[in-house]
Each structure stands twice: as structure tokens, then as C-alpha cells.
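Fold and geometry: a report
The primary structure of each chain is shown beneath.
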There are 2 protein chains.
Amino acid sequence: MTIEIRRFSSAQPDYAQQMDTLLSWEAVSDAQVQKTVSDIVFDIRTRGDAALIEYTNKFDRMNVSSMAQLELSQEQLQKALDELPAERREALLLAAERVRSYHEKQKQDSWDYTEADGTLLGQKVTPMDRVGIYVPGGKAAYPSSVLMNAIPAHVAGVQEIIMVVPTPDGELNQLVLAAAAAAGVSRVFTVGGAQAVAALAYGTETVPGVDKIVGPGNIYVATAKRMVFGQVGIDMIAGPSEILVVCDGKTDPDWIAMDLFSQAEHDEDAQSILVSTDADFLDAVKASIDKLLPTMERADIIRTSLTERGALIHAQSDVDAIAIINRIAPEHLELSVEDPQAWLPAIRHAGAIFMGRYTAEALGDYCAGPNHVLPTSGTARFSSPLGVYDFQKRSSLIMCSADGASELGKTASVLARGEFLTAHARSAEYRIKD
Amino acid sequence: MTIEIRRFSSAQPDYAQQMDTLLSWEAVSDAQVQKTVSDIVFDIRTRGDAALIEYTNKFDRMNVSSMAQLELSQEQLQKALDELPAERREALLLAAERVRSYHEKQKQDSWDYTEADGTLLGQKVTPMDRVGIYVPGGKAAYPSSVLMNAIPAHVAGVQEIIMVVPTPDGELNQLVLAAAAAAGVSRVFTVGGAQAVAALAYGTETVPGVDKIVGPGNIYVATAKRMVFGQVGIDMIAGPSEILVVCDGKTDPDWIAMDLFSQAEHDEDAQSILVSTDADFLDAVKASIDKLLPTMERADIIRTSLTERGALIHAQSDVDAIAIINRIAPEHLELSVEDPQAWLPAIRHAGAIFMGRYTAEALGDYCAGPNHVLPTSGTARFSSPLGVYDFQKRSSLIMCSADGASELGKTASVLARGEFLTAHARSAEYRIKD
């Protein structure tokens with residue numbers, strides 16, 4: 001049995017249009033979603049816990065009467081970790097340890113310097129006080145995501161990490177709880193959707209308001225995050241996950257097929273693209289796909305994803321392949337080539353770069369160390385993997401000496417008067433020496 | 001003549017409520033604004049230049065028929081700079097030079113490290129390709145803002161810096177043009193409003209689409225930025241400017257009054273707050289305010305701002321004053337005290353900290369070096385001054401050795417199977433050595 005996957009070449013005349021079609025994707029947040037979310041946010045802001053309980057009972061088919069029933073204790077989290085089968089607990093703790101040690105390298109320090117006249121300039125770097133982590137419930141509740149979102153905040157020095165995770169029909173995912181314990185989460189509320197985002201943004205009687213909200217969610221969660229942006233910070237609005245594999249044709253085609261599957265199995269909208277200068281290799285990978293697909297647990301999801309959004313692209317040259325990389329600005333880029341480091345300087349946009357035949361993207365999803373929260377849908381053009389820097393902020397430092405203020409005051413005065421801001425000018429002029 | 005300014009003490013029973021009232025501020029983006037902006041964005045996306053010309057003619061009372069009439073040449077910018085009076089040109093160039101040299105210190109470099117088994121991990125830091133800078137027109141067209149927005153992008157290594165600035169009734173501000181030349185702006189279009197934001201976000205036949213849009217604007221601009229977020233990156237949505245001055249009572253009260261004015265003169269919504277443990281000093285500053293206000297060009301704006309949004313707060317202790325600082329998370333914090341460095345460790349949130357009696361905030365607005373684009377309305381809790389880091393982005397680097405992939409593969413396999421992602425598991429397992 002064979003499946004249909006889009007295939008084209010960078011040499012064909014309609015190549016640019018093929019690429020546009022392949023990459024077109026837009027999350028639909030229509031007026032109705034906007035209105036629903038806006039109502040929920042208003043309701044949580046004005047009625048707090050009561051509204052949060054109502055929405056949770058309604059949307060997650062729960063039947064609780066107090067917020068106490070919607071909070072998990074540290075004991076529950078620790079118990080979940082302790083009771084995991086040993087192999088899983090060790091894997092989780094090893095992953096947490098590697099993620100922590102990589103992120104330690106991202107910590108940024110305050111700095112300052114003093115000019116000849118004694119004026120000090122610099123920047124003070126501090127952690128945020130309290131952040132919120134949204135963890136999706138149901139089939140997309142991934143313990144690895146808990147690690148990837150919470151550990152950078154923990155490394156940054158954030159004192160309170162508040163996690164929300166919906167538990168539809170009351171179903172708890174013990175691995176998610178265990179991951180919260182391993183990652184240093186402070187408090188966990190079993191709420192989700194726009195109501196959870198609103199609660200974190202504005203606070204309720206029970207849920208503390210946070211400074212920033214990170215983590216993926218459905219269209220209601222994404223719309224709510226966009227709406228509360230400004231009241232709190234948010235991370236990127238995530239689109240479907242995608243991978244671009246570039247292969248010189250010398251990696252085992254089964255490996256490459258499975259790498260493409262590993263992205264496609266996330267959901268029907270996920271996107272897996274293979275680029276090679278070797279047309280025969282594209283055939284070989286296609287054969288591997290057809291051979292391996294029937295053996296996959298999530299064959300239906302993978303088939304839909306590959307058929308609807310996948311592609312095999314024949315590049316005319318390595319230069320062509322690099323142009324494709326930069327056009328796509330992929331979330332995950334696998335460079336399954338002989339000398340991946342030689343490719344690096346030309347690559348301008350990618351969330352994460354998996355280099356060499358051994359570096360399966362799946363290793364990065366779990367335990368290599370770097371974050372798996374990455375910019376999707378081409379947003380690697382302007383955004384970065386989630387990191388410690390997302391939980392730190394800066395304050396400029398300026399301390400003028402009497403001499404420095406006098407000199408700078410002259411320049412400031414001229415410029416302020418050019419802008420007709422005379423109070424600015426006079427404030428500066430007071431500091432000019434006679 | 002005396003003016004009314006809110007005054008209260010941290011000791012009074014309704015203090016917390018007084019603070020809440022003082023700090024309550026919300027930009028009103030109502031359904032009508034949303035609809036208008038949404039229509040404009042759609043129109044620009046679908047009809048490009050034609051729509052951009054129409055909206056510009058309509059909103060800026062222009063009468064142009066082609067985009068060529070809405071673009072300024074590099075020669076025009078350079079001419080504006082060359083023809084400035086010498087004093088102004090020198091001040092502008094000195095400011096640009098100081099801003100550039102401070103921001104050079106913010107540049108972040110790529111890094112990597114190699115583990116014992118040969119696995120390489122790191123992060124590659126690159127500039128964005130092309131960014132857009134929104135510069136407001138009319139009375140808020142500040143040349144200093146052009147420097148502050150464009151120079152960090154230039155230092156980051158951004159190749160194309162596209163500036164938009166509306167010119168209502170066709171009026172050009174020569175200082176703004178000169179600043180664009182001094183800051184290294186690539187192209188300037190004389191368009192503004194939501195239509196300019198949409199053009200930058202999606203591109204038109206003439207305006208190149210950018211990767212990120214920064215710069216302040218009115219409610220239409222802010223709403224449009226929020227709407228295109230995701231298609232492009234954006235900076236913070238700016239609220240009215242504010243200053244918090246903390247003084248030990250030993251600075252000349254005229255200086256402090258003028259520092260408060262320098263914020264208040266921006267616009268009626270601007271906020272100036274003075275905190276002191278010395279009640280007599282609050283009286284003295286109030287007397288200076290009453291004395292100096294009639295001498296100010298923008299007396300009416302200052303009076304409205306101070307009456308509607310200003311405050312003189314009597315703190316019971318330095319500890320109290322620090323609590324007020326962290327509660328407000330001010331955009332500008334002036335520490336007009338004897339030993340400002342002793343205060344620093346306790347200050348958790350502030351956009352920029354002006355330390356000591358000589359460091360008037362106005363010096364930082366123009367030429368000290370640090371950026372004057374700062375987080376407003378308490379957003380210093382989670383955001384930072386505009387900087388070079390806003391124009392750089394990161395790609396994670398992972399290159400596993402055969403040994404590293406084998407070991408990591410075991411952990412990834414266990415975790416992936418815990419999440420029922422078997423393609424992930426099998427992709428990792430292919431790399432495990434027998």
C-alpha cells in the first residue's frame with residue numbers, strides 16, 4: 001500500500017508557488033472564538049474563583065464546588081514521581097538534569113562599565129517573580145513539555161512557577177505530575193482553556209496572578225494569550241509542529257522515514273518535509289515510508305499529516321537546499337549530511353538544528369538538553385527557542401558623575417529643545433556646571 | 001496659583017487602594033477599533049499598494065497617486081542631516097554615537113560546548129533579516145525615538161531597516177529624517193496607522209514585508225500590532241510614559257519638580273510620582289511645582305497630567321519606598337538619594353534606573369546611551385528596555401556523536417513510549433548501538 005505525498009523539484013517553473021502552497025498555514029481565530037474568549041476573560045476578571053469553577057465544571061465535565069478541589073498538593077506531585085516505574089523515573093530525572101545543565105549556560109548576568117568622567121552605565125538582569133505554565137490536557141499532555149517549560153524558569157531564578165493543566169473528566173496524568181515534581185513547579189491547578197489563562201493573567205482569590213504565561217494550547221488558549229498580552233508577558237503563539245530534513249542521500253532511508261513519522265505522528269496538521277539533491281534517495285525514502293507506515297501505532301495520523309502537509313523536494317544543489325531552509329525557517333531542521341558544520345554559516349533561520357546522521361530530532365524532544373519549545377510556522381525568522389532569557393528581564397542603569405551630567409546635559413538640552421520638550425531641556429540644564 | 005496633586009502616605013489605612021487607583025490604567029481598544037483595524041489589515045493584505053495609498057490619502061489628508069510619492073530617498077535623509085544647524089547635527093551625532101557604543105555591549109554571541117562522548121550542544125545567534133520601525137507623526141515625532149529604535153537593530157546586524165512615519169498634511173519633520181540618516185535606516189515610507197503596520201507585516205508590491213515591527217503608536221497602531229503578532233514579531237504595546245522619583249529630601253526641590261515636569265509634559269496621560277520619607281520635602285517640591293509651572297511652555301499639559309495622574313507619596317521608611325518601587329515597576333525610576341547603589345539589590349522591577357542627584361531622566365531620554373524605549377504600565381515586571389537582543393534570534397545546535405546518540409536514544413525511547421509517541425521512540429532506537 002502506498003500513500004500520496006506531494007513531490008516537486010526546485011527546478012520546476014511553478015516551484016515558488018508550490019512552496020507557498022506547501023507553507024500556507026493560518027490558525028483560524030474567528031469572530032466567534034474572539035467573542036467567547038473575551039467573555040470568559042471578562043468573567044474570570046470580575047468573578048474570579050466562582051467563574052473559574054463554573055467554566056471548569058462545564059468545559060472539563062467536572063463537578064467540583066471549591067478551588068481546593070482544583071489544586072494538587074506538592075505531596076501528590078512527589079508521590080507521582082516516587083511511584084513511577086524505576087526506568088521511567090530515571091529517564092525523567094536524567095532528562096531533567098540534562099535540560100537543566102544546558103539551560104544553565106543561557107543565564108545572563110548584569111553588567112556595567114564606568115566612563116572616563118566617572119559615569120556608570122549598565123544593565124541589571126533579574127528573574128521574573130512569578131510565571132504561569134500552561135500544559136495541555138488529554139492526548140497532548142506531555143511530561144517532557146512540563147520539563148521544557150518549567151526548568152528554564154527555575155534556572156532563571158523565578159520564585160513561583162504556577163502550572164495549570166486541564167483534567168477533562170477528572171483524569172490525571174501521573175507522568176505529568178511527576179514531571180512537575182522533577183522540574184520544580186511550585187503549585188498546580190487542574191484548570192485549562194481560556195479560563196486558566198485569564199486566571200493566571202489577572203489572578204483570582206486562589207490563583208495568584210503571574211508576570212508571564214508560557215506553554216502551548218488550542219485556539220481558545222492561543223486567543224486568550226493574545227488578549228492578555230500586555231497585562232502579562234506571553235511566549236510565541238505556537239502553530240503545528242514541523243520538521244525539515246535535509247539529506248545528502250547517504251543516511252539509511254528507514255531512519256529518515258522514521259524521523260519524518262516522528263513529526264507527523266503529533267497530529268494531522270503537523271508537517272514533515274524532506275529535501276535531497278538525490279532524486280533516487282527520495283524514491284528510497286518513499287519506499288521506506290510505504291513499508292514502515294503499516295507498522296506504526298499512529299498510522300492514521302501519520303498518513304493524513306504526510307498526505308495533507310508533507311513533501312519530498314528535489315533540490316538541484318546544496319545552495320538550493322540552503323535557500324529552501326531559509327525560506328521555510330523550520331522549527332526543526334535535521335541536517336543528515338556528511339559535514340553538517342560546513343552548512344551552518346549559511347543557515348539564517350531555524351528553531352533547532354539537528355546535525356549529522358545520528359542526531360534524530362526525537363533526541364532533542366526529550367533529553368539532549370536544548371529546549372523543545374521552538375518557533376513554528378516560519379517564526380524562527382524572528383523568535384528563539386524558549387530559554388532562560390524568557391524568564392529574565394533587564395533594567396538599564398545610569399549613574400552620571402557631576403562632570404558627566406554637565407556634559408551630557410548640554411547635548412540633551414539641544415535635542416530636547418529640538419523636540420519642543422522644554423521641561424526635559426531645563427531638567428538637564430539644572431545639572432550643567434556654571 | 002497652586003495646583004491639586006494627589007497626596008497620600010504609606011501609613012494611611014486605605015493606602016493599598018490609593019495605590020491601585022493611582023496605577024489603574026487600561027488602553028481602550030473597543031470592538032469598534034478592533035473592527036476598523038481588522039478591515040484595514042485585510043484590505044492591505046489583499047489589495048496592497050492601492051489600499052495603502054487610499055488609506056494614506058484619507059487619514060493623513062494627502063493626495064498622492066503612487067507609492068513613489070510615499071517613499072523618501074537616502075539623498076533626502078542625508079540632506080536633512082547635512083542641512084541641520086551645526087549644534088543640532090553635532091548633538092544628534094553625539095547621541096547616536098553614545099547609543100551605539102552602549103548597545104554594542106548588548107550583542108550576544110553564539111556558543112557551544114562538547115560533552116565527554118563528543119556530543120556538541122550550543123546556540124547559534126543571528127540577526128533578523130529585515131525589521132520595521134514605526135515612528136509616530138505629528139507632535140509626537142521624536143528624532144530621538146528614531147535613534148533608539150533603529151540603532152539597536154543596526155548594531156544587531158539587521159541588513160534592512162524599514163521605517164514608516166506618517167506625514168499628516170504632507171508635513172515632513174527634518175529632524176526625524178536627519179535621525180534616520182544618522183541611525184542607518186535603509187528605507188523610509190511616509191505612511192502610518194494600522195495601514196502601515198499591515199504593510200510592514202504582510203508586505204505590499206512596494207513595501208517589503210519585515211520580520212519584526214517595533215515602535216510606539218496610537219490605539220490603532222497598537223491594535224494592529226497585536227493583530228499581526230505571530231505573522232511578525234512585535235515589541236511591547238506601550239502605554240503612557242511614567243516616572244517615579246524617590247528622593248531622600250536632600251536634592252534641590254526645583255530639580256525634582258522639573259524632573260516630574262519632564263515626564264508630565266509628554267501628554268495628559270503621562271504619570272509623575274514622587275516618593276519621599278521626608279514630608280517637608282514633599283511640601284517643598286509642591287511649592288516648586290506651583291512656582292515653576294507658570295514658566296513652562298507646556299503648562300497646560302503638565303497641569304492636567306499632574307492633577308489627573310500625579311502623586312506625592314510619603315513613605316514611612318526606605319523599606320517602604322522600595323516596596324512602592326516594586327509595586328509600581330516604573331518605566332523610569334530616579335533614585336535621587338545619597339547612595340543609590342545601596343538601593344539596587346532590593347529593586348526587582350524598573351525599566352531604567354537613574355541613580356544619584358545628577359542623573360536627570362532627560363539625560364537618558366537623549367544621549368546617555370541606554371535605550372529610552374522602556375516597559376510602561378508595570379510591564380517592567382516581565383519585559384526589558386528595547387535592545388540589540390530584540391533584533392537577534394537563536395537556533396539550538398545539537399550534534400550527537402554515535403556514542404552520544406546511543407546513550408540518549410535509550411532515555412528518549414523510554415520517555416517517548418511513556419507519551420505513546422512510538423515513531424519518536426523508534427527514530428531514537430535506530431541510533432542505539434547493538
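The rules behind the values
- Residues numbered from 1 in each chain as written.
- Chains lettered and ligands numbered in written order.
- Predicted model: local features only at pLDDT ≥ 70, side-chain atom pairs only at ≥ 80, totals over all residues.
- Heavy atoms only, no water.
- UniProt positions renumbered as here; feature names shortened; annotations may be inferred.
- Helix = DSSP H or I, 4+ residues; strand = E, 2+ residues; numbered from the N terminus.
- Contact = heavy atoms within 4.5 Å.
- Buried < 20%, exposed > 50% of the residue type's maximum accessible area, 1.4 Å probe, protein only.
- Pairing = 2+ DSSP bridges.
- Axes fitted to C-alpha atoms, helices over the stretch in contact; angles between N-to-C directions.
- Polar contact = N/O pair within 3.5 Å; in protein donor to acceptor, adjacent residues only side chain to side chain.

All names here are of chain A. Listed under "binding site: Zn(2+)" (unreviewed entry) in the UniProt record, and renumbered for this structure, are Gln263, His266, Asp365 and His424. With a sequence span of 162 residues, these residues are also far apart in the fold, their greatest C-alpha distance being 56.1 Å. By secondary structure assignment, the location of Gln263 is in helix H9 (residues 253-264). Gln263 has contacts with Ser241, Glu242, Ile243, Ala270, Gln271, Ser272, Glu331, His332 and Glu361, leaving out every residue within four places of it along the chain.

What follows concerns helix H3 (residues 49-59) of chain B. Among the residues of H3 of chain B, those classed as buried are Asp49, Ala51, Leu52, Ile53, Tyr55, Thr56 and Asn57 of chain B. Taken from the residues just after H3 of chain B, Arg61 of chain B is the one with a positive phi, measuring 50°.

Let us look at the sheet that holds strand S3 (residues 111-114) of chain B. One open sheet accounts for 9 strands, arranged S1(A)-S12(A)-S11(A)-S10(A)-S13(A)-S14(A)-S15(B)-S4(B)-S3(B); its pairing is mixed. Two strands bound the open sheet, and with one partner strand each, they are strand S1 (6-9) of chain A together with S3 of chain B. Averaged over neighbouring strand pairs, the angle between their axes works out to 20° when direction is ignored. Inspection of the sheet shows strand S10 (residues 242-247) of chain A paired to strand S13 (residues 332-336) of chain A by 5 bridges, in the parallel sense. The residue bridging Leu244 of chain A from the neighbouring strand is Leu333 of chain A, located in S13 of chain A. Contacts from helix H11 (residues 299-309) of chain A reach S1, strand S11 (271-276) and strand S12 (311-314) of chain A within the one sheet, and its direction differs from that of S11 of chain A by about 60°. Where helix H12 (residues 318-328) of chain A meets the sheet, its contacts fall on S10, S11, S12 and S13 of chain A, and the angle it forms with S10 of chain A comes to roughly 170°.

What follows concerns the UniProt feature "active site" (unreviewed entry) in chain A. Residues and elements named next belong to chain A. Using the residue numbers shown here, the UniProt feature "active site" (unreviewed entry) corresponds to Glu331 and His332. Structurally, Glu331 is set in the loop between H12 and S13. Sequence-distant contacts of Glu331, that is, excluding residues within four places in its chain, are made with Pro240, Ser241, Glu242, Gln263, Gly351, Ala352, His372, Leu374, Pro375 and Thr376. Side chain to side chain, Glu331 and Ser241 meet in a polar contact 3.0 Å long. Of note, His332 is situated in strand S13.

Another point: the sheet that holds strand S13 (residues 332-336) of chain B. The mixed open sheet is built from 9 strands, whose spatial order is S3(A)-S4(A)-S15(A)-S14(B)-S13(B)-S10(B)-S11(B)-S12(B)-S1(B). Whereas interior strands pair on both sides, the edge strands pair on one side only; in this sheet they are strand S3 (111-114) of chain A together with strand S1 (6-9) of chain B. Direction aside, the axes of adjacent strands within the sheet are offset by 20° on average. Across 4 bridges, the pairing between strand S11 (residues 271-276) of chain B and strand S12 (residues 311-314) of chain B is parallel. Within S12 of chain B, the residue paired with Ile273 of chain B across the bridge is Ala311 of chain B. Sheet contacts for helix H5 (residues 86-104) of chain B: S3, strand S4 (120-127) and strand S15 (392-399) of chain A; angle to S4 of chain A, the most-contacted strand, approximately 40°. Set on the sheet, helix H13 (residues 318-328) of chain B makes contact with strand S10 (242-247), S11, S12 and S13 of chain B; between it and S10 of chain B the angle comes to about 170°.

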